[in-house]
Amino acid sequence: MNDEMNLHDYYYDLPQELIAQDPLEDRSSSRLMVLDKDTGAVEHHVFKEIIDYLNPNDCLVINDTKVLPARLYGSKMGTNAKIEVLLLKRKEGNIWETLVKPGKKCKPGTIISFGEGILTGEVIDVVEEGNRLIRFDYEGIFEEILDRLGEMPLPPYITHRLKDKNRYQTVYAKYEGSAAAPTAGLHFTEELLEKIKEKGIKIAHVTLHVGLGTFRPVKVENILEHHMHSEFYMVDEKDAAMINETRTSGGRVIAVGTTSTRTLETVTDDNGVVHAGSGWTQIFIYPGYQFKAIDCLITNFHLPESTLLMLVSALAGRENVLKAYREAVKEKYRFFSFGDAMFIK
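Given the structure is predicted, the values throughout are model-derived calculations rather than measurements.

**Q** How do you make sense of helix 4 (residues 257-267) when you look at a structure like this?
**A** Because the α-helix completes a turn every 3.6 residues, residues three or four places apart line up on one side. Of all 11 residues in helix 4, 10 are buried; the element is thus mostly enclosed. Those residues of helix 4 that fall on the buried side of the exposure criterion are G257, T258, T259, S260, T261, R262, T263, L264, E265 and V267.

Printed below as a string of C-alpha cells:
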C-alpha cells in the first residue's frame, strides 16, 4: 500500500490541553500559521493579518451555512427517563433522522417530551447505524422552538458549555441546516470582512450543510476504503460567475474551510469552470488528488487521522503539513473547532 494511503501516516501527537475548549473573546485575534505549500516554510501571525496575504482580484469563498441548535434534552413519556436527541437531517415535513442516547430506551412508538411538552417527538423507525426517525409535533414555528430549547451540537472533544450560541456560528451564517459549524469561518469579524472588501478582494458564497459525519473517525487502515457521508450543497449563478471571473483574470481562489473546498471541487469541471447548482456530495480528497478549483486554503487544525487532515495534506503535502503541525504543538497553538487557523498559500 502506498504510504500515503495508510491511516497511521496521518497521526500526530496532540497534548489534550491544546484542544481549545472556549472561543476567544475577539474572533480575529486567534493565531494564524502561514504555510507555503511549495517550500513547507512556516510563519506565525495573528488572524487579522490574513489581509496582508490577500491581493486585490483574489476571491475568498465562504460557506454561509447556519448551524441548527440541534441537541435536545427530553424525557420519555411514561417513565420520565432522560433522553438526548441530536437532529441529523430533515427527511420530510416534521420527520427527522436523529441520533438518540440511550438508544435502547427508544423503540418505535416511544414518545419523548421536550421543554415540558412544548415539543414532542414519536420514534417511528430505526434506520442505518441505529439512527432513529422521529416525527415531531408542536404548535408554531419549528425553528423558533428549536432556538428556545436546543443547544449547539458541539463536537465531542469540547466539554465546556457554550455561553453564547452565536460563537459557534460564523458572522455570515445564513441558511440553516448544519450539524456542525464550518469552523475556519469563525475567525472572521464583520469589520475584517469589510476591510478585505475595501482592499478589492471579492467574496463569494457557497452553502454546504455540514453533517456530523465530518467528525466520524476513519476506522479502516487503508483510507481508500473509507466511506464518506453525503452533504447537501448549493452554489448560485452569481457566485459561480464571480469565481470563474477571478480565475480568468488571474486572481486566486481562496477557500475558507474544508467545506467550501469540497463544495468547489464538486462543482468545478476539469477545465476549472465552476457550475452553479445544488445536490449532494460525497467527495473525499486525499493525497494524489488534483485540485481543479482552489489555489489557497484557510483552515483550522484538524484531528489526527481525520479526512480533513488528508484533504489539507492533498493540498500542501503530507510531510509539510505534519511538520507544520508539530511546530504548532511546540508553539502551543490552540487546536480544532475553537482553535487557531492556518493559511496554506
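Back to the text.
**Q** Could you clarify how one ought to interpret the sheet that holds strand 10 (residues 132-138) in this entry?
**A** Adjacent strands of a sheet pair through backbone hydrogen bonds, lying either parallel or antiparallel. Sheet architecture is closed into a barrel: 6 strands sit in the order 5-6-7-10-9-8, paired in antiparallel fashion. Taking each pair of neighbouring strands and ignoring which way they run, the sheet shows an average axis angle of 45 degrees. Where helix 1 (residues 142-149) meets the sheet, its contacts fall on strand 5 (71-76), strand 6 (82-92), strand 7 (95-101), strand 8 (111-114), strand 9 (119-126) and strand 10, and the angle it forms with strand 6 comes to roughly 150 degrees.

**Q** Is there a simple way to explain the pairing of strand 2 (residues 42-46) in this structure?
**A** In regular strands, side chains alternate between the two faces of the sheet. Here strand 1 (residues 31-35) runs beside strand 2; their pairing, made up of 5 bridges, is antiparallel. By the bridge assignment for strand 2, L32 is matched with H45. With antiparallel pairing between neighbouring strands as the criterion, strand 1 and strand 2 make up a hairpin whose turn holds 6 residues, including G40 at a positive phi of roughly 80 degrees.

**Q** Even after reading the chapter, I still don't get the side chain of T258, so can you show me in this structure?
**A** Within the secondary structure layout, T258 lies in helix 4. The class for T258 is buried, based on a relative accessible area of 9%. Ignoring sequence-local partners within four residues, the contact set of T258 consists of L297, T299, H302, L308 and L311.

**Q** Can you walk me through the packing of helix 5 (residues 307-316) against helix 6 (residues 318-330) in this structure?
**A** Helix-helix packing is described using two parameters, namely the angle between the two axes and the distance between the axes. Close contact between helix 5 and helix 6 brings their axes to 7 Å; oriented N to C, the two are set at 120 degrees. Of the residues in helix 6, those touching helix 5 at L309, V312, S313 and A316 are R318, N320, V321, L322 and Y325.

**Q** What's the story with the sheet that holds strand 12 (residues 202-208) in this structure? I'm lost.
**A** If you walk across this open sheet you meet the 9 strands as 2-1-17-16-14-3-12-13-15, and the pairing is mixed. The open sheet has two free edges, formed respectively by strand 2 and strand 15 (277-281), since each of these has just one partner strand. Looking at each pair of strands side by side, their axes are set apart by 25 degrees on average, direction ignored. For strand 1 and strand 17 (residues 341-344), the ladder comprises 4 bridges, and the chain directions are parallel. Paired with M33 across the two strands is M342, which belongs to strand 17. Taken strand by strand, helix 4 contacts strand 3 (59-63), strand 12, strand 13 (231-235), strand 14 (253-256), strand 15 and strand 16 (296-300), and its axis lies near 85 degrees from that of strand 12.

Rules of the game
- Residues numbered from 1 in each chain as written.
- Predicted model: local features only at pLDDT ≥ 70, side-chain atom pairs only at ≥ 80, totals over all residues.
- Heavy atoms only, no water.
- Buried < 20%, exposed > 50% of the residue type's maximum accessible area, 1.4 Å probe, protein only.
- Helix = DSSP H or I, 4+ residues; strand = E, 2+ residues; numbered from the N terminus.
- Pairing = 2+ DSSP bridges.
- Axes fitted to C-alpha atoms, helices over the stretch in contact; angles between N-to-C directions.
- Contact = heavy atoms within 4.5 Å.

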